[in-house]
Amino acid sequence: MIEINRKEALRYLGYRQSVEGDLTEINSALDHCIEVLQKTAVPRHIVKRLPLTIENHTITIGDMVIHSRNLENNLKGCHAVYLFVATIGIEVDRLIKRTELTKMSDAVIYQAAGAAMIEAYCDEVNEELNQEAYKNNEFLKPRFSPGYGDLALDHQKDFMRLLQMDKIGISLLESLLMVPSKSVTAIIGITHHAQPRHTKDCANCPAQCEFRRIK
């Protein structure tokens with residue numbers, strides 16, 4: 001069972017610094033939706049380790065060639081990477097679609113809680129990789145996804161090809177968005193240099209999104 005961070009779910013819903021008393025009703029609905037999601041989600045992932053070279057601002061991962069200053073900065077000091085994809089399954093999308101026809105307020109909560117759930121699942125897998133790397137005197141950089149900063153979303157096609165994401169039920173739309181929607185791809189740098197404990201700090205992220213954490 002994936003533990004969903006309630007604060008993250010509330011953040012996705014737009015609650016940031018609300019008075020606690022204002023959250024009684026939404027917390028009750030969130031409890032119900034989280035319980036249903038836990039029974040519905042089918043979390044799966046694929047991880048593949050590939051060699052990395054960076055020369056003249058050109059990043060080569062296996063046979064994938066990338067031009068991204070943001071990713072280059074993220075991968076400084078790395079000798080290899082993990083390509084990573086995770087999903088909580090198509091049934092979550094179907095649940096949201098059904099609920100949109102009956103109770104839109106719950107559908108919105110499912111969207112938010114689902115987003116928090118896939119992030120929590122990614123964190124779980126990431127921690128397993130961290131533990132495995134440590135045994136080999138290696139350390140991991142924060143994961144970096146297509147669409148972040150200047151890393152082109154077009155590289156989703158490379159992930160599909162290299163990871164064969166269809167094996168866990170993931171397909172790409174023409175827009176390069178994934179189906180199921182609650183899916184994540186990422187590049188995770190591997191280095192021999194010890195790394196500080198990573199935190200989800202929006203100040204270190206080049207993206208400027210509507211869900212950006214504020215202090």
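Definitions and limits used
Residues numbered from 1 in each chain as written. Predicted model: local features only at pLDDT ≥ 70, side-chain atom pairs only at ≥ 80, totals over all residues. Heavy atoms only, no water. Helix = DSSP H or I, 4+ residues; strand = E, 2+ residues; numbered from the N terminus. Buried < 20%, exposed > 50% of the residue type's maximum accessible area, 1.4 Å probe, protein only. Contact = heavy atoms within 4.5 Å. Axes fitted to C-alpha atoms, helices over the stretch in contact; angles between N-to-C directions. Parallel < 35°, antiparallel > 145°, perpendicular 65-115°, else oblique. Left-handed = near helix turned anticlockwise from the far one by under 90°. Polar contact = N/O pair within 3.5 Å; in protein donor to acceptor, adjacent residues only side chain to side chain. Pairing = 2+ DSSP bridges.

**A few points about the overall build of the chain**
The number of helices and strands found in the chain is six helices and eight strands. Listed N to C, the secondary structure of the chain is α-α-β-β-β-α-β-α-α-β-α-β-β-β in terms of helices and strands. For the chain, buried positions account for 45% of its 215 residues. Restricting to contacts in the chain with at least 6 residues of sequence separation, those with at least 24 account for 74%.

**Side note on unusual backbone geometry**
Geometrically, the link from Val 179 to Pro 180 is a cis peptide bond, its omega value of 5° lying close to zero. Examined against the element boundaries, Pro 180 turns out to sit in the loop between strand E7 (178-179) and strand E8 (183-191). Phi at Asn 56 takes a positive value of approximately 50°, unusual for a residue other than glycine. You can see Asn 56 is positioned in the loop between strand E1 (44-55) and strand E2 (58-61). Phi at Gln 164 is positive, roughly 50°, even though this residue is not glycine.

**Examining the packing of helix H2 (residues 24-40) against helix H4 (residues 90-102)**
In contact at an axis separation of 9 Å, H2 and H4 are set at 140° when each is read in the N-to-C sense. It follows from the interaxial angle that H2 and H4 lie oblique. Handedness of the crossing formed by H2 with H4: right-handed. Every residue of H4 that contacts H2 at Val 36, Leu 37 and Thr 40 is listed here: Glu 91, Val 92 and Leu 95.

**Some thoughts on the environment of Thr 191**
Considering the arrangement of structural elements, one finds Thr 191 in strand E8. In this structure Thr 191 comes out as buried when scored by relative accessible area, which is 0%. If we skip the residues at most four places from it in the chain, Thr 191 touches Gly 77, Cys 78, His 79, Glu 138, Phe 139 and Lys 141. A distance of 2.9 Å separates the side chain of Thr 191 from the backbone oxygen of Gly 77, its partner in a polar contact. A distance of 3.0 Å separates a polar atom in the side chain of Thr 191 from the backbone nitrogen of His 193.

**What about the side chain of Thr 87?**
Within the secondary structure layout, Thr 87 lies in strand E4 (residues 78-87). Given a relative accessible area of 1%, Thr 87 falls into the buried group. Within the structure, Thr 87 has its side chain in polar contact with the backbone nitrogen of Gly 89 (distance 3.1 Å). In contact with Thr 87, not counting residues within four places along its chain, are Val 42, Pro 43, Arg 44, Ile 118, Tyr 121, Ile 168, Ile 170, Pro 180, Lys 182 and Ser 183.

**Some thoughts on the pairing of E2**
Burial of the side chains of E2 is restricted to one face: Ile 59 and Ile 61 are buried, whereas none of Thr 58 and Thr 60 on the reverse face is. Direction of pairing for E1 relative to E2: antiparallel, over a ladder of four bridges. Of the residues in E2, the one forming a bridge with Ile 54 is Ile 59. In this antiparallel pair of consecutive strands, E1 and E2, the connection spans two residues, and Asn 56 shows a positive phi of 50°.

**Overview of the side chain of Asn 74**
When you line up the elements, Asn 74 lands in helix H3 (residues 69-74). Overall, Asn 74 belongs to the buried group, its relative accessible area being 14%. When residues no more than four places from it in sequence are discounted, the contact partners of Asn 74 are Lys 141, Pro 142 and Phe 144.

It is worth stressing that arrangement in space is one thing and function is another; only the former is reported here.
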